[in-house]
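Residue-level listing of the chains:
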Amino acid sequence: MFCYWGLLYKKPVIQQLRYSMNKTIPHNRLMSVDVLRGFDLLMIIVADRFFYNLNTAAKTNFTKNLADQFEHPEWIGFHLYDVIMPLFLFVVGVVIPFSLGKRNTESGSDSRLYRHILRRFVILFILGWIVQGNLLFLDLSKFQIFSNTLQAIAVGYLLSCIAYLNLSKKGRYVFFISCLVLYALLLSIPSFFGHAFELLPNKNLPIYIDQQVFGRFYDQTQYSWLLTGLGFTATTMSGLFAGELLLSSLSRQKIAGYLFMIGIAGIALSLIIGIWHPIIKKIWTSSFVIFSSGISFVLLALFYWLVDVKGYTKWAYPFRVIGLNAIAAYVGSHVLNFSLIAKQVFYGFEQFTGAYYDAFCDLAGFGILYFILWYMHKNKTYIKV
């Protein structure tokens, strides 16, 4: 496999990029991408907790089914909640051709470009430690090295950027397929390092590698991270391919159609592959990558068609407000408990909402966070890394 890399290598793109807290939005930015990111973040920020508390209060079959869909399955299978994390990685990939692909803008040295990419990788990893790695406990016994979506994004972003800058278009497809095939083969190995492995919780190779590498800093869950970087990268690369399609010279109607067809094809292919290689979100199997990427393509097609093709934008404004400040929304919602803040402000409503008070405070807490994001957007303040 590796003998092909020399043929697939291309001269790196040289371009100066600027990411910081700023007051501008790039002219080539598609509104639908921001709206889709905002929709995804809404699900991350409030959906799971809200539907759980709603079901706790209502206790109906309908609310139970909703709550179940916003929890991950025990192992094999797929719930609606499972698309949220891969969609986040997918959208990161979509943006890569927009941010790295323009060669006729300000230029700089290769080292400057790679320093920026590495800097973003490091910042995302540190933010992951803050959000879910227990860094703020200031207690080494509670620290977890790799345990968060932002860190998965960091890995997928870094490797996808390197692939985009150094491989031809054909090379990038080969790289994407190689990640999927290699990971699937590794998951199929019956024994390694003198240990027997199966695609079962706590008995699979990715979990074993995490346990051995991270040691006491392993997060003690069924989720795998280190070897699963191959899957994270493949998911991000699938978004990169979508971004290249969005930048193509095809008409917007055709782009929307192709995005949709690719998504449906991906879903169908993953279901076929899933007969032999099951869809498991917790270890990010290759079939899960293809399935979730297929759903992400379909969602992007829908949002792109509504917003950028048909021009229906009024409904999308709240999602765009969230999507333009994704880092602030994600980190803020995890570091600060806005539901608890809402309880300190809206405690008088408990007498009126009764058993639904927790669900009410979930929505009220989100309202507080949204007001902050709206105020930032109104003042054209966007936090980037």
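Conventions adopted
- Residues numbered from 1 in each chain as written.
- Predicted model: local features only at pLDDT ≥ 70, side-chain atom pairs only at ≥ 80, totals over all residues.
- Heavy atoms only, no water.
- Axes fitted to C-alpha atoms, helices over the stretch in contact; angles between N-to-C directions.
- Helix = DSSP H or I, 4+ residues; strand = E, 2+ residues; numbered from the N terminus.
- Parallel < 35°, antiparallel > 145°, perpendicular 65-115°, else oblique.
- Left-handed = near helix turned anticlockwise from the far one by under 90°.
- Contact = heavy atoms within 4.5 Å.
- Nonpolar A, V, L, I, M, F, W, Y, C, P; charged D, E, K, R; others polar.
- Core = buried A, V, L, I, M, F, W, Y, C linked by side-chain atoms within 4.5 Å.
- Buried < 20%, exposed > 50% of the residue type's maximum accessible area, 1.4 Å probe, protein only.

Where an unreviewed UniProt entry is consulted, the chain appears under the name DUF5009 domain-containing protein, with the organism given as Flavobacterium cupreum.

Caption draft 1: Spotlight on the packing of helix α2 (residues 31-58) against helix α16 (residues 357-378). It is at 8 Å that the axes of α2 and α16 come closest, and there the two elements cross at 165°. By the angle class used here, α2 and α16 are roughly antiparallel. Judged by the twist between their axes, the crossing of α2 over α16 is left-handed. In this structure, α2 uses Leu 42, Ile 45, Val 46, Arg 49, Phe 50, Asn 53 and Leu 54 to contact α16, whose residues at the interface are Asp 358, Ala 359, Asp 362, Leu 363, Phe 366 and Leu 369. Grouping the constituent residues of the contact of α2 with α16 by class yields nine nonpolar, one polar and three charged.

Caption draft 2: How the structure looks around the environment of Ile 272. Turning to its location among the elements, Ile 272 is positioned in helix α10 (residues 252-273). Once the C-alpha coordinates of Ile 272 and Ser 287 are considered, the two residues, 15 residues apart in sequence, prove to be 8.8 Å apart.

Caption draft 3: Structural detail: the nonpolar core. Judged by nonpolar contacts, the single largest core of 104 residues is most densely connected at Leu 41, Leu 150, Leu 246 and Leu 259. Examining the composition of this core, we find that 15 residues originate from one element, helix α11 (residues 286-309), more than from any other. Excluding residues that lie within four positions of it along the chain, Leu 41 makes contacts with Phe 88, Ile 322, Ala 326, Ala 329 and Tyr 330. The next biggest cluster of nonpolar side chains, apart from the first, holds eleven residues, and it includes Leu 187, Leu 205, Tyr 208 and Ile 280.

Caption draft 4: Just the side chain of Glu 244, in detail. Relative to the helices and strands, Glu 244 is located in helix α9 (residues 229-246). Accessibility expressed as a relative area gives 13% for Glu 244, which makes it buried. Those residues in contact with Glu 244, other than ones at most four positions away along the chain, are Pro 97, Tyr 164, Lys 169 and Arg 172.

Caption draft 5: Here's a closer look at the environment of Ala 316. Examined against the element boundaries, Ala 316 turns out to sit in the loop between α11 and α12 (317-323). A C-alpha to C-alpha distance of 8.4 Å links Ala 316 and Ser 32, two positions 284 residues apart in sequence. When sequence neighbours within four positions are dropped, the list of residues in contact with Ala 316 reads Val 35 and Val 307.

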